[in-house]
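# Structure assessment
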Amino acid sequence: MRLEILTPEEMGSVDRKAVDAGPLDGYGLMQNAGAVVAAAILERFAEAEGFLVLCGPGNNGGDGYVVARLLVERGVQVRLFAETEPAAGSDAARARRACPVEPKSYSEFEPVERWLVVDALFGAGLSKPVEGREAAIIERVRTSGLPVVSIDLPSGVSGLTGKPLGAAFQADLTVTFFRKKPGHVLVPGRQMCGELLVADIGIAETTLNRAECKTWENHPALWRAALPEIGISAHKYSRGHVAVISGGATSTGAARLAARGAARAGAGAVTVLSPANALSVNAMHLTSIMLRRADTVEELEAFLSDRGPSGAVLGPGAGTGERTRSFARSLLDRAGAAGGLVFDADAITAFRGDPETLFAMIKASAAQVVLTPHEGEFGRLFPGLEDAPEVSKVERTREAAMRSGAAIVLKGPDTVVAAPDGRAAINVNATQHLATAGSGDVLSGIIAGLMAQTMPAFEAACAGIWLHAEAGRVFGRGLIAEDLPEMLPQVLQSQFPEHVR
Ligand SMILES: NC(=O)C1=CN([C@@H]2O[C@H](COP(=O)(O)OP(=O)(O)OC[C@H]3O[C@@H](n4cnc5c(N)ncnc54)[C@H](O)[C@@H]3O)[C@@H](O)[C@H]2O)[C@@H](O)CC1
Ligand SMILES: [K+]
């Protein structure tokens, strides 16, 4: 599977390498790009009665001239609109000369019913906000309701961030080349692409140095090999033991959701560590999951020494006070080399005043740590990395992972996972039904459950996000957090048929 995601800059260097290696030059690649776009248009929009092609000044416009020529050669009606001539000597200028349709100016653009708009204004070279005459034409297309096919990216959408830079097209189909760019998978860019087609234009696979790729679309192919397998001689503790720290009597549900997530993700044993005042509440709701009292660090450490869990979840419903901070210190200090820790929710907020202390402890710890913030929690822990119009969620998450020493799961419709070594994955199978109370608690349990079975942090986080989203997607409407762990067996069994060693 082609899961690598390339920034526009990385794609530019692949293009250059492809041209250097031959046999195709830039103009040859442009011919192929135009050809795959024209073919996709004719296949999907066979009923369109004509085509309005909008060409910008760069190579994206060049692709547009090729498409216009190929459509004319098919005998269909084409009108072409361009404002600026491509730079002399460029591939786009050559494509413009070869195109038999004389361009009209943008001001002459008129929507025509049952026609289709081909958007070749800007692609990878978008460098400033789309304003003025280009913004006006985008607005005219929007109000016309005509279908739009965008070449490479919907013009106005940043290929790097997925955010609109000024006005931007909402496409019905986007055809990009060789690999996806972050702007195709991060929101809102993902939705603005409509259907996305990644087309081959004759760039050899060897042009891409796979070892240098650090960003992927999150998919089982990325981590399937690291998924825990259950040996025939397995016993419950050899399958991993996860400890989940519960909050007080009125906030115990979150820990139980995490515990259930860990158990369904395959941990052989799960123990909820509960304050004394919440023991009876927890006891009433737990069956296969064990329960033990832990009000103090001493009680936690006694448990860690006695039972040596291989994973732990701290945060859901835990409170943001000293108990949570001291438990975090203790877990980081005492977890064995194979230990996997997930700090979520309150365990993140508890360190808002002093994130550097947390990061220093994480870096000094033998444990593998995953932090699972949503945007609000992320902002508390990583000042200066908050969301901003020009920055990419991938780069923010990557920077946070390097700063903290933990794998970071920055949650949202386009959850990004990043590791301190720079690897990052963007998740794309989430559903809106996951936006429900307790959903994040289950996620932290799933990730801890996988880590407790010795799955490495980055892979466990990627797998956890994907499985959690898939469970939500398969369940669909009406989902509540309790349903997520119960959907995992179906997702695991259908996606990963069991193989027993
Ligand atoms: N060999 C290659 O590099 C290939 C490139 N291809 C196409 O080339 C595109 C990239 O071409 P370019 O690098 O020329 O970039 P673009 O054509 O995307 O845009 C660059 C041009 O637009 C102008 N511009 C940028 N933002 C603007 C704004 N907001 N308002 C007004 N003008 C703006 C720039 O000054 C420049 O003239 C890709 O998206 C793809 O469609 C394909 O033909 C395949 C091969
Ligand atoms: K475009």
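Residues numbered from 1 in each chain as written. Chains lettered and ligands numbered in written order. Predicted model: local features only at pLDDT ≥ 70, side-chain atom pairs only at ≥ 80, totals over all residues. Heavy atoms only, no water.

This part is about the coordination of the potassium ion (ligand 2). In ideal tetrahedral geometry, four donors around a metal make angles of 109.5 degrees, whereas ideal octahedral geometry with six donors gives angles of 90 or 180 degrees. Taken together, the protein donors to the potassium ion (ligand 2) comprise Asn60 (OD1), Asp119 (O), Phe122 (O), Ile151 (O), Leu153 (O) and Ser155 (OG), at separations of 2.6 to 3.1 Å. Classification of the site at the potassium ion (ligand 2) as irregular follows from its 6 donor atoms and the range of 65 to 170 degrees in their angles at the metal. Donor residues binding the potassium ion (ligand 2) come from one chain and are separated in sequence as N-x58-D-x2-F-x28-I-x1-L-x1-S. A relative accessible area of 0% means that Ser155 is categorised as buried. (Donors = N, O, S within 2.8 Å, 3.2 Å for Na, K, Ca; no water. Tetrahedral: all angles 85-135°; square planar, octahedral: opposite > 155°, others 65-115°. Buried < 20%, exposed > 50% of the residue type's maximum accessible area, 1.4 Å probe, protein only.)

Reading across from one edge, E7-E16-E15-E14-E13-E12-E11-E8-E9-E10 is the order of the 10 strands in this open sheet, with mixed pairing throughout. Edge positions in the sheet fall to strand E7 (215-217) and strand E10 (290-293), since each of these pairs with one other strand and no more. Each strand of the sheet is rotated relative to its neighbour by a mean of 20 degrees, with strand direction disregarded. Direction of pairing for E7 relative to strand E16 (residues 424-426): parallel, over a ladder of 3 bridges. Looking across to E16, one finds that Thr215 is bridged to Ala424. Running over the sheet, helix H9 (residues 253-264) touches strand E8 (241-245), strand E9 (269-274) and strand E11 (311-314) and is turned about 170 degrees from E8. (Pairing = 2+ DSSP bridges. Helix = DSSP H or I, 4+ residues; strand = E, 2+ residues; numbered from the N terminus. Axes fitted to C-alpha atoms, helices over the stretch in contact; angles between N-to-C directions. Contact = heavy atoms within 4.5 Å.)

Taken as a whole, this structure holds 0 disulfides when the rule is applied. Considering cysteine sulfurs only, Cys99 is the nearest to Cys55, which forms no disulfide, with 7.1 Å between them. The class of Cys55 is buried, set by a relative accessible area of 0%. You can see Cys213 has no disulfide; the closest cysteine sulfur is in Cys462, sitting 15 Å from it. (Disulfide = S-S within 2.5 Å.)

Quick look at the sheet that holds strand E1 (residues 50-55) now. Taking strand neighbours across the sheet as the criterion, the 6 strands line up as E2-E1-E3-E4-E5-E6 in an open arrangement whose pairing is parallel. If you trace the sheet from one side to the other, it starts and ends with strand E2 (77-82) and strand E6 (195-199), each paired once. With direction set aside, neighbouring strand axes in the sheet form an average angle of 20 degrees. Note that strand E5 (residues 173-177) and E6 share 5 bridges and pair parallel. When the bridges of E6 are listed, Leu173 appears paired with Glu195.

Tracing the sequence through the fold places Ala265 in the loop between H9 and E9. Distance in space between the C-alpha atoms of Ala265 and Ala33 is 44 Å, their sequence separation being 232 residues. The residues touching Ala265, leaving out its near neighbours within four places in the chain, are Ile446, Gly449, Leu450, Gln453 and Leu488.

Another aspect to go through is the environment of Pro228. Checked against the element boundaries, Pro228 lands in the loop between helix H8 (220-223) and E8. C-alpha of Pro228 to C-alpha of Ala38: the two residues are 190 residues apart in sequence and 45 Å apart in space.

For the rest of this paragraph, the subject is helix H19 (residues 483-495). Along an α-helix, a turn takes 3.6 residues, which lines up residues three or four apart on a common side. For H19, which comprises 13 residues, the first-to-last C-alpha distance of 18 Å matches the rise-based estimate of 18 Å (1.5 Å per residue) to within 8%. At Pro489, H19 is deflected by roughly 25 degrees, the largest bend along its length. Listed as buried for H19 are Asp483, Leu484, Pro485, Met487, Leu488 and Val491. Next to the buried residues of H19 lie H9, helix H17 (439-452) and helix H18 (457-475). (Expected span 1.5 Å × (residues − 1). Bend = angle between axes of the 7 residues up to and from the residue.)

By a frequent convention, interface size equals the accessible area lost on bringing the separate parts together. Taken domain by domain, the protein chain consists of domain 1 (8-213) and domain 2 (230-494). Inter-centroid distance (C-alpha atoms) of domain 1 to domain 2 is 42 Å. Regarding the contact of domain 1 and domain 2, the summed buried area is about 820 Å², with carbon and sulfur atoms giving 62% of it. A per-residue breakdown of the area domain 1 buries against domain 2 is headed by Lys163, Leu186 and Arg190, which together make up 55% of the total. Taken together, the connections running from domain 1 to domain 2 amount to 1 salt bridge. For the salt bridge of Lys163 with Asp387, the shortest nitrogen-to-oxygen distance reads 2.8 Å. Scanning the region where domain 1 abuts domain 2 turns up 6 residue pairs in polar contact (both at pLDDT 80 or more). Split into classes, the residues belonging to the side of domain 1 that touches domain 2 amount to 4 nonpolar, 1 polar and 2 charged. (Domains from an automatic or database assignment. Buried area = accessible area lost by both parts, 1.4 Å probe. Salt bridge = Lys/Arg side-chain N within 4 Å of Asp/Glu carboxyl O. Polar contact = N/O pair within 3.5 Å; in protein donor to acceptor, adjacent residues only side chain to side chain. Nonpolar A, V, L, I, M, F, W, Y, C, P; charged D, E, K, R; others polar.)

With that out of the way, let us pick up the pattern of salt bridges. Summed over all chains, the structure comprises 32 salt bridges. Of the charged contacts, one joins Arg210 and Glu4 as a salt bridge, the two residues approaching to 2.5 Å between their closest N and O atoms. Separated by 206 residues along the polypeptide, Arg210 in the loop between E6 and E7 and Glu4 in the segment before helix H1 (8-21) bring together distant segments of the chain. Accessibility expressed as a relative area gives 5% for Glu4, which makes it buried. Taking the shortest distance from any N to any O, the salt bridge between Glu102 and Arg96 comes out at 3.3 Å. Take Glu102: its relative accessible area is 56%, and that puts it in the exposed class. When its relative accessible area of 14% is taken as the criterion, Arg96 is described as buried. A single network of salt bridges, built from pairs that share partners, joins Arg2, Glu4, Arg179, Glu205 and Arg210.

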